[in-house]
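# Coordinate inspection notes
Residue-level listing of the chains:
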Amino acid sequence: MFLVTGATGIVGRPLVELLVSQGAKVRAVTRDPRASGLPDGVEVVAADPARPSTLASCLEGVTGLFLNPRAVGLAAPELLALAKERGVNRVAVLSAVNVDDDLDHQPSRFNGDRNKEVEAAAVASGLEWVSLRASSFAVNTLVAWGGQIRAGDVVRGPYANFSEAPVDERDLAEVGVRALLSDDLVGRKLQLTGPQSLTHEELVATIGEVLGRPLRFQEVPPEAVRQGMVGMGMNEAFVVALLGRYARGAGQPAPVTDEVDKALGRPARTWAEWVTDHAAAFRG
């Protein structure tokens, strides 16, 4: 039995589906079970991982735990202690490749992620552990650019020469399943990236190639971007940290690893493959 926090999230949902497809029993934690839309056979439970006491009964019979840092937050040490007490053997924790950077340089912290603290809690838990240090999720581009692409052929944004190595969320989920089901990855902090470093300009051009449209990236001054994003209601601290990340990395290739390939025994999915699989969402 595996307990999955963040079970309806970007990585949690495909991870649950993969576990079920491999015959594993899954107990999925969500705040709204009625709206989960998870596969038949999954035991969906209403609980708040940030309040571990609400999960006490859910840990009975569980052998492996998947931790989402946004769902669990600073309650991770308490939850892991409770998990160990109830007989859980292993924890796989979602983290990020920038987890060791200065905290102010980690934009996702300002949206609630506590990657550093949750990973550290897993390592110190006394359980077998695996950390999935993910690069930027490929789906972030759909969130950032989807509306502009559906409206026209120009994507406006800062730092055309900033590079990412976007990782396919399905690859992350598959590595997470391997971390829970096999012993091969125990005790490792896996740097999980996509197979290519691509600039913002190149990412947009590839979307255009897949869609058969002349898409192009038009660089906009960072201050204008900051004002626009904050004006749309985005957390200003997050926006400032994100633009700072872009400024520091502009003109440099993004780190690329082969950890996905090694963990799964096949090449990581490319950016073009991800776009092809999500073309309908870009078309609208």
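Shown above is the structure to which this text applies.
Position labels on residues start from 1 in each chain and follow its written sequence. Side-chain atom pairs in this predicted model are given and counted only at pLDDT of 80 or more, local residue features only at pLDDT of at least 70, and totals for whole chains, interfaces and linings cover all residues. Hydrogens are left out, water is left out, and the side-chain values use all remaining heavy atoms of the structure.

Next up on the list: the pattern of salt bridges. A pairing counts as a salt bridge when a side-chain nitrogen of Lys or Arg comes within 4 Å of a carboxyl oxygen of Asp or Glu. If you walk through the whole model with that rule in mind, you get 25 salt bridges. Ionic pairing is found between E119 and R133, a salt bridge with its closest N-O pair at 2.7 Å. In this pair, E119 is assigned in helix 4 (residues 115-123) and R133 in strand 6 (residues 128-134), connecting sequence segments 14 residues apart. For D171, the salt bridge is made with R269, and the minimal N-O distance between the two is 2.6 Å. Of this pair, D171 sits in helix 6 (residues 169-181) while R269 is found in the loop between helix 10 (259-264) and helix 11 (271-277), placing the two residues 98 residues apart along the sequence. Here the term buried applies to any residue with accessible area under 20% of the maximum for its type, exposed to any over 50%, and partly exposed to those in between, with areas from a 1.4 Å probe on protein chains only. Classification of R269 by relative accessible area gives partly exposed; the value is 21%. Every helix listed is a DSSP run of H or I at least four residues long, and every strand listed is a run of E at least two residues long, numbered separately from the N terminus.

A word on the packing of helix 8 (residues 222-231) against helix 9 (residues 236-249). Packing of helix 8 against helix 9 leaves a shortest axis separation of 9 Å and a crossing angle of 155°. Considering the angle they form, helix 8 stands roughly antiparallel to helix 9. The interaxial crossing formed by helix 8 with helix 9 has right-handed handedness. In this structure, helix 8 uses P222, V225, R226, M229 and V230 to contact helix 9, whose residues at the interface are E236, V239, V240, L242 and L243. In terms of residue class, the contact of helix 8 with helix 9 is made up of 8 nonpolar, no polar and 2 charged. Fitted lines through C-alpha atoms serve as axes, helices being fitted only where they are in contact, and the angles separating the N-to-C directions of these axes extend from 0 to 180 degrees. Oblique is the label for any angle not under 35 degrees, not over 145, and not in the 65 to 115 range, which are roughly parallel, roughly antiparallel and roughly perpendicular in turn. Crossing handedness: left-handed means the near helix sits turned counterclockwise from the far one by under a right angle, and right-handed means the same turn made clockwise. Note on definitions: a residue-residue contact is assigned when non-hydrogen atoms from the two residues lie within 4.5 Å. Residues are grouped as follows: Ala, Val, Leu, Ile, Met, Phe, Trp, Tyr, Cys and Pro are nonpolar; Asp, Glu, Lys and Arg are charged; every other residue, Gly included, is polar.

By themselves, these figures tell us nothing about what the structure is for.
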